[in-house]
Amino acid sequence: MQEKINPNLRHPIEATPESGEAVEIQKGVYWIRLPVPFELNHINVWLLEDNDGYTLVDTGISSNKTCAAWERIFKDVIKEKSINRIIVTHFHPDHFGLAHWLCERTNADYFASKETIERVNFLLDMEDKNHLETRMSFYQQHEIVDIEFFEDFLKGSLYAAVVSGKPVNTNVVNDDDSLKIGEYEWQVIMTYGHAPGHINLYCKELNMLISGDQVLPTITSNVSVHADQPEENPLHDYLASFLKLKFLPADTLVLPSHGKVFEGLHQRIKEIVEHHNEKLEEVFLICEQAHSASELMPKLFRRKLEGINSVLGFGETLAHLNYLCHQKRLQRNLQEGKYIYQH
Ligand SMILES: [Zn+2]
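Residues numbered from 1 in each chain as written. Predicted model: local features only at pLDDT ≥ 70, side-chain atom pairs only at ≥ 80, totals over all residues.

### Digging into unusual backbone geometry
Here is the rule we go by: Helix and strand assignments come from DSSP, with helices taken as H or I runs of at least 4 residues and strands as E runs of at least 2, each series counted from the N terminus. Burial in this document is a count-based property: other C-beta atoms within 10 Å of a residue's C-beta are tallied, and the residue is buried at 20 or more, exposed at 12 or fewer, or partly exposed in between, with C-beta positions derived from the backbone.
Of note, D176 is a non-glycine position whose phi angle comes to about 75 degrees, a positive value. Within the secondary structure, D176 is located in the loop between β7 (170-173) and β8 (178-181). When the 9 C-beta atoms within 10 Å are taken as the criterion, D176 is described as exposed.

Here it is in structure tokens:
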């Protein structure tokens, strides 16, 4: 299947790696693709030459297929060298999933933001039943129908099934840290909204940005309100985070987690901001008449969402509603135990 391209961006790297393969995009910087079992299809991870070994950015989801892809990469790319350090951009399973497995296999040190470490702990240590009931009642207040699936999601069992566990040797990465990887300095730019404490890495000398899921060339990243933080305004955090990336040069080579490596960072940020502004206006207009978030979701996505997509779509619908409520353009009222939105 032909990979989707954004015609407004430039793709200076001609080759795109197949799943389980690597393409060297610049001396010592490897673009690796790994399989992902959702609609997303793949994730890009980055292997950076680091003295006598490598630093790896992101790891792939925990599955037999991804482990098999890694075995090919160890044989064909890493060979007699080793991975000394693993940096995870954020807690989502396609990024964090094999961190434990790879750390065990290579003895690498694990690096992540404080928020990533906390979120992983939260999702893997969920045993508090009262906590679960409170969060379930959040979904009930929003009239969610497919409640069993949401319960599995809240229990963390869906997450635990696609991650390999917690790495032991943990190092915290902070905003604006400078990481020396091989002969280059990579600056940490922390963004929020898609995931808390999402690490982007910028190398001025190479003029390259490893953007994780903050900036993607053809799809927009999920921005969700979660049941344990129901009053948060992640869409505000996500859009505000772009202010930190707008200062990078227009010709920065962007290395995204999904899709092709591209040039056109400023153009892509503009498109993403416009997309969310359009969605916000759409939500505002629909809410001229009272709607629950569940009633609003199919109108916003224009298709029936199922499984994990319904959880993500619902979270994103709420992110737009919370944004408008924080702006005081919409009001949320509790009527007979159910939330409705109107202006
Ligand atoms: Zn993500």
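Text resumes after the structure shown.
### A look at helix α9 (residues 265-286)
Note the following rule: Any helix carries an expected span of 1.5 Å times its number of residues minus one. Starting at the helix axis, one direction is taken to each C-beta atom, and the arc is that of these directions. Our contact criterion uses C-beta atoms placed from the backbone: two residues qualify when those atoms are within 7 Å.
Between its first and last C-alpha, α9 extends 32 Å over 22 residues, near the 32 Å set by a 1.5 Å rise per residue. All of the buried residues in α9 are L265, R268, L280 and V283. The buried residues of α9 all sit within an arc of 115 degrees when viewed along its axis, so they share a single face. Turned more than 90 degrees away from the buried face of α9 sit E274, N277, E278, E281 and L285, all of them exposed. The secondary structure elements touched by the buried residues of α9 are β11 (208-212), α8 (234-245), β12 (253-256), α10 (293-301) and α11 (308-326).

### A look at the sheet that holds strand β4 (residues 53-57)
Quick reminder of the rule: Only when DSSP finds a minimum of two bridges between them are two strands counted as paired. Every axis in this analysis is a line fitted to C-alpha atoms, fitted for helices over the stretch in contact. Angles between the N-to-C directions lie between 0 and 180 degrees.
If you walk across this open sheet you meet the seven strands as β1-β2-β3-β4-β5-β6-β7, and the pairing is mixed. Whereas interior strands pair on both sides, the edge strands pair on one side only; in this sheet they are β1 (22-26) and β7. Each neighbouring strand pair of the sheet contributes to a mean axis angle of 25 degrees, computed without reference to strand direction. Here four bridges tie β1 to strand β2 (residues 29-35), and the two strands are oriented antiparallel to one another. Bridging across to β2, A22 finds its partner in I32. In this fold helix α1 (residues 64-78) packs onto β1, β2, β3 (42-50), β4 and β5 (83-87), with an angle of close to 155 degrees to the strand it touches most, β2.

### Quick look at the environment of Q289
Within the fold, Q289 resides in the loop between α9 and α10. Residue Q289 is classed as exposed on the basis of its C-beta count, with 11 C-beta atoms lying within 10 Å.

### A word on the sheet that holds β11
If you walk across this open sheet you meet the six strands as β8-β9-β10-β11-β12-β13, and the pairing is mixed. For this open sheet the edge positions go to β8 and β13 (262-263), each flanked by a neighbour on one side alone. Where β8 lies against strand β9 (residues 184-191), four bridges are found, and the strand directions are antiparallel. The residue of β9 that forms the bridge with K180 is E185.

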